[in-house]
Amino acid sequence: METKAHIEEHHVGYTTYVLVWLALMVLTGITVWVSYLHFGVFNIVVALLIASIKASLVALYFMHLKFEDKTTWIFVLYPIVLLALLIGLTAVDVFFRTTP
Amino acid sequence: MEEIGIDVHAHHHVDPVVEYKASKLGMWLFLATELLLFGGLFAAYAIFRAKYPEMFHEEHKELDRTIGAINTVVLICSSLTMALGVASIQRGKKKLLSLFLLLTILFGIVFGINKYFEYGHKFEHHIYPSTSIFFALYFMMTGLHMLHVLAGVLVLTALLILSLKGKFSENYYTPIELGGLYWHLVDLIWIYLFPLLYLIS
């Protein structure tokens, strides 16, 4: 590229990535260990909570979402809202439908 | 062409920085559609698991937790090497980028080989998508995910070839960043698939 473009970007360091990787590995271990314990219905809650922490780490650091602007955040949060609506409304339909 | 009022012969986008930012935003929009593509399956999973909890618990025992966990570790490692690849080219280290791309591709291939043996093992035990709702969801969700791993490996291979040709530098690495975003999404989806399918307690 002839044009010397200076991209104002936060460059994440190698060390940060390795630390995030370490956290992901530890959380994977925890999620396997927790699955052998019995919390009843809370097992799925705990599993999804750990998965969401892992997913957030991947998005924030590996995908640099932490350093993105507001527009990008809207592009990320909006489909999550749609997904929640899809699952939520389908559940409402299936479990509250009364057969005449 | 003059009447249109825009220079159709421009070889560059408006401005390299704008091009970079617009490309990234476009990629995030594509990832949003990917999330909703899997979203339909996640919705089906949620409904059927709530309706038939015993069936999900019994049938998931057929799955091999160890292979599932190994593949989780493999994908997390591949995400690390991908992120390190982006970090390398941001600092102008071209050879390091090629090395990290190669490692990421190899991790992707290892994931695929494990999945191949896993599916083979299921078929040997006469477990097919038609076996039950649980296995229909298992094969659909992991199958669609496996297609994404395959697409990711092909994209990364193309990027590796371009990287070896010296196409990227600290001033231009947009395709690497976009390929990385796609690869991380594939990892992110698996992060949910692993506990939902293999770890039902």
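Residues numbered from 1 in each chain as written. Chains lettered and ligands numbered in written order. Predicted model: local features only at pLDDT ≥ 70, side-chain atom pairs only at ≥ 80, totals over all residues.

A. Molecular detail of the packing of helix 1 (residues 14–34) of chain A against helix 3 (residues 65–90) of chain B. Where helix 1 of chain A contacts helix 3 of chain B, the two axes come as close as 10 Å, and the packing angle between them is 170°. Taken together, the axis directions place helix 1 of chain A and helix 3 of chain B in an arrangement best described as roughly antiparallel. Contact residues: helix 1 of chain A offers A:Tyr14, A:Tyr17, A:Trp21, A:Leu24, A:Met25, A:Thr28 and A:Val32, while helix 3 of chain B offers B:Ala69, B:Thr72, B:Val73, B:Ile76, B:Leu80, B:Ala83, B:Leu84 and B:Ala87. Within the contact of helix 1 of chain A with helix 3 of chain B, the residues separate by chemical class into 13 nonpolar, two polar and no charged. (Axes fitted to C-alpha atoms, helices over the stretch in contact; angles between N-to-C directions. Helix = DSSP H or I, 4+ residues; strand = E, 2+ residues; numbered from the N terminus. Parallel < 35°, antiparallel > 145°, perpendicular 65-115°, else oblique. Contact = placed C-beta atoms within 7 Å. Nonpolar A, V, L, I, M, F, W, Y, C, P; charged D, E, K, R; others polar.)

B. A look at the confidence of the model for chain B. Per-residue confidence for chain B gives a mean pLDDT of 93, with 94% of residues at or over 70. Taken element by element, the predicted model of chain B shows its lowest mean pLDDT in helix 2 (residues 53–60) of chain B (93) and its highest in helix 5 (residues 133–164) of chain B (98). (pLDDT = per-residue confidence, 0-100.)

C. Here's a closer look at helix 2 (residues 42–62) of chain A. Compared with an ideal rise of 1.5 Å per residue, which puts 21 residues at 30 Å, helix 2 of chain A spans 29 Å between its outermost C-alpha atoms and is within 8% of the ideal. Phi turns positive one or two residues past the end of helix 2 of chain A, at A:His64, with a value near 60°. (Expected span 1.5 Å × (residues − 1).)

D. Representation of the interface of chain B and chain A. The partner chain A presents 40 residues to the 35 residues of chain B that form the contact. Going through the elements one at a time, helix 1 (16–51), helix 3 and helix 6 (174–198) of chain B are the ones with two or more residues in the side of chain B that touches chain A. No other element matches the 14 residues that helix 1 of chain B contributes to the side of chain B that touches chain A. Grouping the constituent residues of the side of chain B that touches chain A by class yields 27 nonpolar, seven polar and one charged.

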